[in-house]
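# A look at the structure
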Amino acid sequence: MSNFKGYLLKFGNYSGNIGVFPNEYIAQGAEATPCRRTDAEAYRDANNDLHRMTIPNHKSTFAVTTIPGLTLEQKEEIEAIMACGLISEIERKYYVEYWCDDIGVNDYKTGYFYIPDTTFKRQKIGNGTIVYDALTYEFIEY
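A brief look at the structure comes next. (Residues numbered from 1 in each chain as written. Predicted model: local features only at pLDDT ≥ 70, side-chain atom pairs only at ≥ 80, totals over all residues. Heavy atoms only, no water.)

### Quick word on the packing of aromatic side chains
A full pass over the atoms with the stated rule returns 13 aromatic pairs. A ring pair is formed by Phe4 and Tyr108, whose centres lie 6.3 Å apart and whose planes are at 10 degrees; its orientation type is stacked. In this pair, Phe4 is assigned in the segment before β1 (9-11) and Tyr108 in strand β7 (residues 107-114), connecting sequence segments 104 residues apart. Taking the relative accessible area as the measure of exposure, Phe4 reaches 40% and is therefore partly exposed. Relative accessible area serves as the criterion here: at 12%, Tyr108 is assigned to the buried category. Taking the centre distance of 4.9 Å and the plane angle of 35 degrees together, the rings of Tyr7 and Tyr108 count as tilted. On the criterion of sequence distance, the pair formed by Tyr7 in the segment before β1 and Tyr108 in strand β7 is long-range, its members being 101 residues apart. Taken together, the ring pairs in this structure connect Phe11, Phe62, Tyr94, Tyr98, Phe113 and Phe139 into an aromatic cluster. (Phe/Tyr/Trp six-rings, centres within 6.5 Å; stacked < 30°, edge-to-face > 60°. Helix = DSSP H or I, 4+ residues; strand = E, 2+ residues; numbered from the N terminus. Buried < 20%, exposed > 50% of the residue type's maximum accessible area, 1.4 Å probe, protein only.)

Right, here's the structure in full:
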């Protein structure tokens, strides 16, 4: 039986749907690289065999791309939801619950992530709002 609760991202540690990133704003193509392996040391010996010392504390990265055509008000709604997990504004550090697709996991995990600089491409300005092209928010685990 699946543990999937119907969302990919949830910001903060709240019960219910508080802090859930709205699925209707996610375009096809949300990408994740869960539980990335990091080597403390890796080398090839004289027989060209690989030897790795892999750190057991794996880190995840993911990116969420929004649908194009979001209004400024919808972008502000997303930002208010993300603020539910904001730990440090200066670092753009967030506490996030996320769906982990890693082999053998297929469950929610939590972690601290930062968001690198995001580019905001505007489609048009008018009628008292801004309309944005698709926005991509990247998340890199601490």
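### Here's the deal with the state of the cysteines
Applying the stated criterion across every chain, the model contains 0 disulfides. Its sulfur unpaired, Cys35 is 3.7 Å from the next cysteine sulfur, which belongs to Cys100. (Disulfide = S-S within 2.5 Å.)

### Topic: the nonpolar core
A general feature of soluble globular proteins is that nonpolar side chains tend to end up buried together. Grouped together as the largest cluster of nonpolar side chains are 23 residues, with contacts concentrated most on Leu9, Phe11, Phe21, Met82, Val96 and Phe139. Tallying contributions element by element places strand β6 (residues 93-100) first for this core, with 4 residues. The residues touching Val96, leaving out its near neighbours within four places in the chain, are Leu9, Lys10, Phe11, Phe62, Lys109, Thr110, Gly111 and Phe113. (Core = buried A, V, L, I, M, F, W, Y, C linked by side-chain atoms within 4.5 Å. Contact = heavy atoms within 4.5 Å.)

### Remarks on the side chain of Lys10
Looking at the element boundaries, Lys10 is found in strand β1. Although buried, Lys10 forms no salt bridge, and the nearest oppositely charged side chain, Glu97, lies 4.7 Å from it. Apart from the residues within four sequence positions on either side, Lys10 is in contact with Ser15, Gly16, Ile18, Gly19, Val20, Tyr95, Val96 and Glu97. (Lys, Arg positive; Asp, Glu negative; His and termini not counted. Salt bridge = Lys/Arg side-chain N within 4 Å of Asp/Glu carboxyl O.)

### With respect to the environment of Thr54
Inspection of the secondary structure assignment puts Thr54 in strand β3 (residues 50-65). We classify Thr54 as partly exposed; its relative accessible area is 34%. Here the alpha-carbon distance between Thr54 and Ile81, two residues 27 residues apart in the chain, equals 35 Å. Those residues within four positions of Thr54 in sequence are excluded, and the remaining contacts are Arg37, Thr38 and Asp39. Of the polar contacts made by the side chain of Thr54, one reaches the side chain of Asp39; its length is 2.9 Å. Only 3.5 Å separates the side chain of Thr54 from the side chain of Arg52, close enough to count as a polar contact. (Polar contact = N/O pair within 3.5 Å; in protein donor to acceptor, adjacent residues only side chain to side chain.)

### Focus on the pairing of strand β2 (residues 31-44)
Two elements, β2 and β3, share 10 bridges in a ladder whose sense is antiparallel. Looking across to β3, one finds that Glu41 is bridged to Met53. Counting the residues that bridge the hairpin from β2 to β3 gives 5 residues, and of these Asn48 lies at a positive phi of roughly 65 degrees. (Pairing = 2+ DSSP bridges.)

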